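Fold and geometry: a report
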Amino acid sequence: MDPLTLDDLDRQLAHALQVDGRASFSQIAAVLGASDRTVARRYQRLRSTGALRVVGLPYAGALGHVDWLIRMRCTPDAAMPVATALARRADTSWVSVMSGGTEISCITRTRKQAEDGELLLQRLPRNSRVTSVSAHCILRAVAGTNGWPGRTAALTPDQVAALQPPAAQPAGRVTLTTADNDLLTMLARDGRATHPALAAATGWSETTVRRRLEELRRTDILYFDVEIDPALFGYTAEAMLWLTVAPSALTGVTQALASHPQIAYATAVTGPAGIAASVLCRNLDELYEYLANGVGALDGVSSAETVPLVRRVKGAGTVLVS
C-alpha cells in the first residue's frame, strides 16, 4: 500500500489518537476491532513516514504564558530563510509560508512578564527583506479545539466515548519543576514517547512518570494533539482567514464558525481583524464557495482577507514551558 494513502483503518487510528493521544494500542485495537499488532504497525508506518505525529503540549494559560499570532510580510527570497529561523526557536509553532511566499505566519508563546524586559517583536528574526511585522494576542480559541472535523469523522460516537479520557478539572496557574519541564519538552517532540524514555529524560521512575502524566492531564495543564497532512484526506486548499467583525457580533460569528466543517481552527485576536481562522477545503473551487456562501452569510463581518498557505515549515511544537 502506498505510504501516502490512508485507508479506513488509518483514518480511524488518526481519529482515535485525536481523542486520546496516549491511548494504548490495545485500547485502540479493541475499539476499532483490529489486532494490537495491526494498530501498532499502522501507527509506526504513519509515524516513520512523517505523515502523522502526536504531540503533548501545555496550555498557555496554565503556565501564565500568552500566545501571539505573528504576521510577517517579506520579499519572496526571504520567506524560507526567515521561516526556517523562526521554526528553530523553542517558543514557536505553526510556522507557515503564505501568500505566494510574500508572508509568514506563526504562533509564538511568551511569558506575561519577560524576565529581561524584552519586547516581543524585538526578539523576532531581523532581516532587511522583512517589510512589516505585526503581533496579535490570541484571546480565546473559538473553534477547532477538539481537532479539525475532516480528521475526526471516522469513529462512531460510541467509539469516541470508549476512548475518551476522564474529564479534566482546571487547576489554574501552576509552577513546574525542572523535571516537569524535561517531561513536557520530550512530549512536545513525541507525545507517545514511552514511559521508560520519559523516565530517562526526567530522572523519575516509570511509576512517577505515569502518575505525573495523569495529574497534568487531570488538572487540564497538558493536552495531546495530532499533526497530519490534510492532503492525505483530500484537502488541498488551505488558507488563513482574517475576519473584521463588529465587537457586538463576535459571539455570534464565533459560534457559527465552530459549526463550519471547513474551519480547522479559529481564535479571537487583538488588532483590526477580530478573528483569525485556518480554513481547509478540498480545492480552490470549494474554497470559493465557502467564502461566498459560508463566510459571506455571517452577520457582522465587514471584511474578510484570505491568505493562501504555500508551505508548512513547522507544526505544533512549542516547548517554552517555564
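Residues numbered from 1 in each chain as written. Predicted model: local features only at pLDDT ≥ 70, side-chain atom pairs only at ≥ 80, totals over all residues. Heavy atoms only, no water.

- The chain goes by AsnC family transcriptional regulator in an unreviewed UniProt entry, where it is assigned to Actinoplanes ianthinogenes.

**Some remarks on the overall build of the chain**
- From N to C terminus, the chain includes ten helices and ten strands.
- Here the chain has a C-alpha radius of gyration of 20 Å; the compact-globule value for 322 residues is 20 Å, and the two agree.
- Projecting the C-alpha coordinates of the chain onto the three principal axes gives extents of approximately 50 × 50 × 40 Å.
- With 322 residues in all, the chain has 49% of them scored as buried.
- Counted over contacts in the chain with a minimum sequence separation of 6, partners at least 24 positions apart contribute 79%.
- A total of about 15300 Å² of accessible surface is found on the chain, and carbon and sulfur atoms cover 51% of it. (Helix = DSSP H or I, 4+ residues; strand = E, 2+ residues; numbered from the N terminus. Rg over C-alpha atoms; globule rule 2.2 N^0.38 Å. Buried < 20%, exposed > 50% of the residue type's maximum accessible area, 1.4 Å probe, protein only. Contact = heavy atoms within 4.5 Å. Areas by Shrake-Rupley, 256 points an atom, 1.4 Å probe, with all protein chains shown as cover.)

**Quick notes on the pairing of strand S3 (residues 92–98)**
- Burial analysis of S3 places six of its seven residues in the buried class, the great majority of the element.
- By the bridge criterion, five bridges tie S3 to strand S4 (residues 103–111) in an arrangement that is antiparallel. Residue pairing across strands places serine 96 opposite serine 105, the latter belonging to S4.
- Counted along the chain from S3 to the antiparallel partner S4, the turn is four residues long, and its residue serine 99 has a positive phi close to 50 degrees.
- Sheet analysis places S3 next to strand S10 (residues 301–314), joined by four bridges and oriented antiparallel. Bridge pairing links methionine 98 to leucine 309 in S10. (Pairing = 2+ DSSP bridges.)

**What to know about the environment of cysteine 106**
- Examined against the element boundaries, cysteine 106 turns out to sit in strand S4.
- Accessibility expressed as a relative area gives 2% for cysteine 106, which makes it buried.
- Put simply, cysteine 106 and valine 301 are 195 residues apart on the chain and 24 Å apart in space, counted from C-alpha to C-alpha.
- With sequence-adjacent residues up to four places away left out, cysteine 106 is seen in contact with Trp68, Leu69, Ile70, Leu86, Ser93, Trp94 and Val95.

**Some thoughts on the pattern of salt bridges**
- Considering all chains together, one arrives at 17 salt bridges under this definition.
- Put simply, arginine 45 and aspartate 10 hold a salt bridge, and the shortest N to O gap is 3.3 Å. Note that arginine 45 is positioned in helix H3 (residues 36–48) and aspartate 10 in helix H1 (residues 8–19), a separation of 35 residues in sequence. Residue arginine 45 shares its accessibility class with aspartate 10, and that shared class is buried.
- For arginine 151, the salt bridge identified is with aspartate 225, shortest N-O distance 3.1 Å. With arginine 151 in the loop between strand S5 (130–143) and helix H5 (157–163) and aspartate 225 in strand S6 (residues 222–228), this pair connects stretches of sequence that are 74 residues apart. (Salt bridge = Lys/Arg side-chain N within 4 Å of Asp/Glu carboxyl O.)

**Things to note about the packing of aromatic side chains**
- Summed over the entire model, instances satisfying the criterion amount to two aromatic pairs.
- Between phenylalanine 25 and tyrosine 43, the aromatic rings sit 5.5 Å apart at their centres with planes inclined by 50 degrees, giving tilted as the arrangement. You can see phenylalanine 25 sitting in helix H2 (residues 25–32) and its partner tyrosine 43 sitting in helix H3, a full 18 residues away along the chain.
- The ring of phenylalanine 25 has arginine 192 lying over it, and the distance from NZ or CZ to the ring centre is 4.6 Å. (Phe/Tyr/Trp six-rings, centres within 6.5 Å; stacked < 30°, edge-to-face > 60°. Lys NZ or Arg CZ within 6 Å of the ring centre and 35° of its normal.)

**Thoughts on the UniProt feature "domain: HTH asnC-type" (unreviewed entry) in the chain**
- What UniProt calls "domain: HTH asnC-type" (unreviewed entry) maps, in this numbering, to residues 6–66.
- In the segment residues 6–66, helix accounts for 54% and strand for 15%; the C-alpha atoms at its two ends are 36 Å apart. (UniProt positions renumbered as here; feature names shortened; annotations may be inferred.)

**Focus on helix H10 (residues 284–294)**
- All of the buried residues in H10 are Leu287, Tyr290 and Gly294. When H10 is viewed along its axis, its buried side chains cluster within an angular range of 75 degrees and face the same direction. Exposed and facing more than 90 degrees away from the buried side of H10 are Leu284, Asp285, Tyr288 and Asn293.
- Residues of H10 that are buried in the fold lie against helix H9 (250–258), strand S8 (263–269) and strand S9 (275–281).
- Residue asparagine 283 occupies the N-cap position of H10, its side-chain oxygen lying 3.2 Å from the main-chain nitrogen of aspartate 285. (Arc of directions from axis to C-beta. Polar contact = N/O pair within 3.5 Å; in protein donor to acceptor, adjacent residues only side chain to side chain.)

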